[in-house]
Amino acid sequence: MLGNFSYKNATKLYFGDDSLRYLNEELPKYGKTVQLIYGGGSIKRTGLYDEIVTILKDNGKTVVEDGGVMPNPTVEKLYEGVRLARENDVDLLLAVGGGSCCDYAKAVSVSVHCDEDPWDKYYLRFEEPACEIVPVGCVLTMVGTGSEMNAGAVITNHAQKLKIGHVFGDEVMPKFSILNPMYTLTLPKRQMVSGIYDIFNHICEQYFSGEDDNTSDYIAEALMKSVIHSSLIALENPNDYEARSNIMWTATWALNTLISRGKSTDWMVHMLGQSAGAYTDATHGMTLSAVSLPYYRFILPYGLAKFKRFATEVWGVCPEGKTDEQVAEEGLAAMEAWMRKLGVALNLSELGATEDMIEGIADGTIILDGGYKVLTRDEVVEILRQSL
Ligand code: NZQ
Ligand code: ZN
């Protein structure tokens, strides 16, 4: 049965190769001071930084520079961003980059007017903001996380060896996001495929849960087929605008809360991958690909009907003359072949994880109960060992 739910998505999107000009429509809605958030320099190399600063200046804005957001943004960087926003009484946080910049902007947005320590409050105690939230806007340059249209914000605390995501409420979603697929053409292949696998896994996390006939699962299958199809074109020709724009749009739909409405969700691949990320600081999508096959092969018997459906509907496996188990396993084999073609990481060792980290990674893995099997800690350790 489709469960009861409410649905709202507060983010306004501008999509397409001319979408940056809509920044001129958004900026007048906010006060004078804009904190310009970006990463390690890709936007300076591509010229996007200059274009955006020009638009900000043309709109009479004072720009507060906040560059150097690292992949997997840290709690120390969060404190720095909060300090900057407070000192300059910032009116808008404008993130230009990938999920790391967008997530970081959201984490800053709920912390500027918060009296408590944001790491303790939001990431250890999972409390909701009780303060004014500074508005966030995004210009996306890396595709995968869906952060441009959701309220998630993942922060890493290296001292505590924890990487934790908080999914906030509607009020933390970006007010607007600008999605220009042209910006993604400069991504190195490793980032492109990592993002593609991240998209695919977001859909899996919401698909592999619940047994009921659910509209969301049909949408999920269509999104999976679209990302597989476009990924193969982009792999051949990374400059194929149609493929790159479809990948960008699919990423947004994969994690903008739509396909989780009315159903339970799993998210254990992300819990395992995130904890491994706290130890290795590896690229997000790669941490997911590294643990996915051992995890899905482990839970397959508990969700056999769905894994069979995944095989036939997503991968076109012919079920004739085969047991359900055979069909389901063929589906995962087809997924593995696709992952190999993409060139994503297939084990944690290649991301720098070692045997002696396993217990710690297991300790940092939050065990959720929405999937086909609620894992025990021993099972977490077993899956991590198989992922090495
Ligand atoms: O820092 P710069 O120099 O900009 O380089 C970045 C970075 O090194 C580079 N890059 C981005 N756009 C580029 C480019 N290089 C060339 N051309 C471009 N157009 O790509 C690298 C990775 O960027 P990053 O933002 O870290 O990647 P991603 O978008 O995968 O974000 C990862 C973060 O998002 C979190 C992850 O855990 C991780 O911390 N997630 C957020 C989620 C959410 N909000 O819902 C869900 C996800 O599951 C994920 O957990
Ligand atoms: Zn992800």
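Structural data are supplied above this passage.
First, a word on scope: everything that follows refers to the structure included in this document. Everything quoted here is computed from the prediction, not taken from an experiment.

## Things to note about the overall build of the chain
For the chain, the helix and strand inventory stands at 15 helices and 8 strands. Rg of the C-alpha trace for the chain: 20 Å, near the compact-globule value of 21 Å for 388 residues, within the 12% margin. Once the C-alpha set of the chain is aligned to its principal axes, its extents read approximately 70 × 40 × 40 Å. Across the 388 residues of the chain, 57% fall into the buried class. In the chain, the share of contacts with a sequence separation of at least 24, taken over all contacts with a separation of at least 6, comes to 79%. In the structure as shown, the chain presents an accessible area of about 15,300 Å², 51% of it carried by carbon and sulfur atoms. Side-chain charges in the chain split into 34 positive and 53 negative, and the spacing between the mean points of these groups amounts to 3 Å.

## Let's talk about the coordination of the zinc ion (ligand 2)
Note on the zinc ion (ligand 2): its protein donors are Asp-198 (OD), His-202 (NE2), His-270 (NE2) and His-284 (NE2). The metal-donor distances range over 2.0 to 2.2 Å. Relative accessible area serves as the criterion here: at 2%, His-202 is assigned to the buried category.

## Some points on the packing of aromatic side chains
Counted according to the given criterion, the structure contains 23 aromatic pairs. Taken together, a centroid distance of 5.1 Å and an interplanar angle of 50° make the contact between Phe-208 and Tyr-296 tilted. Here Tyr-296 lies in helix H11 (residues 284–299) and Phe-208 lies in the loop between helix H7 (189–207) and helix H8 (215–236), a separation of 88 residues in the sequence. Summarising the aromatic geometry, the rings of Trp-315 and Trp-338 are spaced 6.0 Å apart at their centres and angled 55° between planes, so their arrangement reads as tilted. Taken as a pair, Trp-315 in helix H12 (residues 304–315) and Trp-338 in helix H13 (residues 324–342) lie far apart in primary sequence, 23 residues in all. A relative accessible area of 4% places Trp-338 in the buried class. Through a chain of ring-to-ring contacts, three or more aromatic side chains come together here, namely Tyr-197, Phe-200, Tyr-207, Phe-208, Tyr-295, Tyr-296, Phe-307, Phe-310, Trp-315, Trp-338 and Tyr-372. In this structure, Lys-44 is placed above the aromatic ring of Tyr-49, and the distance from its NZ or CZ to the ring centre is 4.6 Å.

## Regarding the pattern of salt bridges
Taken as a whole and judged by the stated rule, the model has 20 salt bridges. Across the pair Arg-21 and Asp-18 runs a salt bridge, and its minimum N-O distance is 3.0 Å. What makes Arg-21 partly exposed here is its relative accessible area of 47%. In this structure, Lys-306 and Asp-217 form a salt bridge, with 3.0 Å as the shortest nitrogen-oxygen distance. Here Lys-306 is found in helix H12, whereas its partner Asp-217 is found in helix H8, with 89 residues between them in sequence. Taking the relative accessible area as the measure of exposure, Lys-306 reaches 4% and is therefore buried. Among the charged side chains, a network of salt bridges with common partners joins Glu-355, Glu-359, Asp-363, Arg-377 and Arg-385.

## As for the site of ligand 1
Close to ligand 1 lie 29 residues; Gly-40, Ser-42, Gly-99, Ser-100 and Asp-103 are nearest. Gly-41 is positioned with one of its backbone polar atoms (N or O) 3.1 Å from an oxygen atom of ligand 1. Residue Thr-141 places a side-chain N or O atom 2.8 Å away from a nitrogen atom belonging to ligand 1. When ligand 1 sits alone it has 960 Å² of accessible area, and the protein chains cover 89% of it. Grouping the amino acids of the shell around ligand 1 by side-chain chemistry returns 8 nonpolar, 18 polar and 3 charged.

## Observations regarding the packing of H7 against H11
Contact pair H7 / H11: the axes reach a minimum separation of 8 Å and the direction vectors enclose 45°. Accordingly, the angle class assigned to the pair H7 and H11 is oblique. For the pair H7 and H11, the crossing hand works out as left-handed. Seen from H7, the contacting residues are Arg-190, Val-193, Ser-194, Tyr-197, Asp-198, Asn-201, His-202, Cys-204 and Glu-205; seen from H11, they are His-284, Gly-285, Met-286, Leu-288, Ser-289, Ser-292 and Tyr-296. Partitioned by chemical class, the residues of the contact of H7 with H11 number 6 nonpolar, 7 polar and 3 charged.

## Quick look at the environment of Asp-115
Mapped onto the secondary structure, Asp-115 falls in the loop between helix H5 (99–109) and helix H6 (118–124). Residues Asp-115 and Ala-130, 15 residues apart in the sequence, show an inter-C-alpha distance of 9.7 Å.

## Some remarks on the environment of Arg-261
Examined against the element boundaries, Arg-261 turns out to sit in the loop between helix H9 (241–254) and helix H10 (268–280). Residue Arg-261 is classed as partly exposed on the basis of its relative accessible area of 24%. For the pair Arg-261 and Ile-366, spaced 105 residues apart in the sequence, the C-alpha separation amounts to 22 Å. Those residues within four positions of Arg-261 in sequence are excluded, and the remaining contacts are Leu-2, Phe-5, Ser-6, Tyr-7, Asn-214 and Ser-216. A distance of 3.5 Å separates a polar side-chain atom of Arg-261 from the backbone oxygen of Ser-6.

Analysis parameters
- Residues numbered from 1 in each chain as written.
- Chains lettered and ligands numbered in written order.
- Predicted model: local features only at pLDDT ≥ 70, side-chain atom pairs only at ≥ 80, totals over all residues.
- Heavy atoms only, no water.
- Helix = DSSP H or I, 4+ residues; strand = E, 2+ residues; numbered from the N terminus.
- Rg over C-alpha atoms; globule rule 2.2 N^0.38 Å.
- Buried < 20%, exposed > 50% of the residue type's maximum accessible area, 1.4 Å probe, protein only.
- Contact = heavy atoms within 4.5 Å.
- Areas by Shrake-Rupley, 256 points an atom, 1.4 Å probe, with all protein chains shown as cover.
- Lys, Arg positive; Asp, Glu negative; His and termini not counted.
- Charge placed at Lys NZ, Arg CZ, Asp CG, Glu CD.
- Donors = N, O, S within 2.8 Å, 3.2 Å for Na, K, Ca; no water.
- Phe/Tyr/Trp six-rings, centres within 6.5 Å; stacked < 30°, edge-to-face > 60°.
- Lys NZ or Arg CZ within 6 Å of the ring centre and 35° of its normal.
- Salt bridge = Lys/Arg side-chain N within 4 Å of Asp/Glu carboxyl O.
- Near = heavy atom within 4 Å.
- Polar contact = N/O pair within 3.5 Å; in protein donor to acceptor, adjacent residues only side chain to side chain.
- Nonpolar A, V, L, I, M, F, W, Y, C, P; charged D, E, K, R; others polar.
- Axes fitted to C-alpha atoms, helices over the stretch in contact; angles between N-to-C directions.
- Parallel < 35°, antiparallel > 145°, perpendicular 65-115°, else oblique.
- Left-handed = near helix turned anticlockwise from the far one by under 90°.

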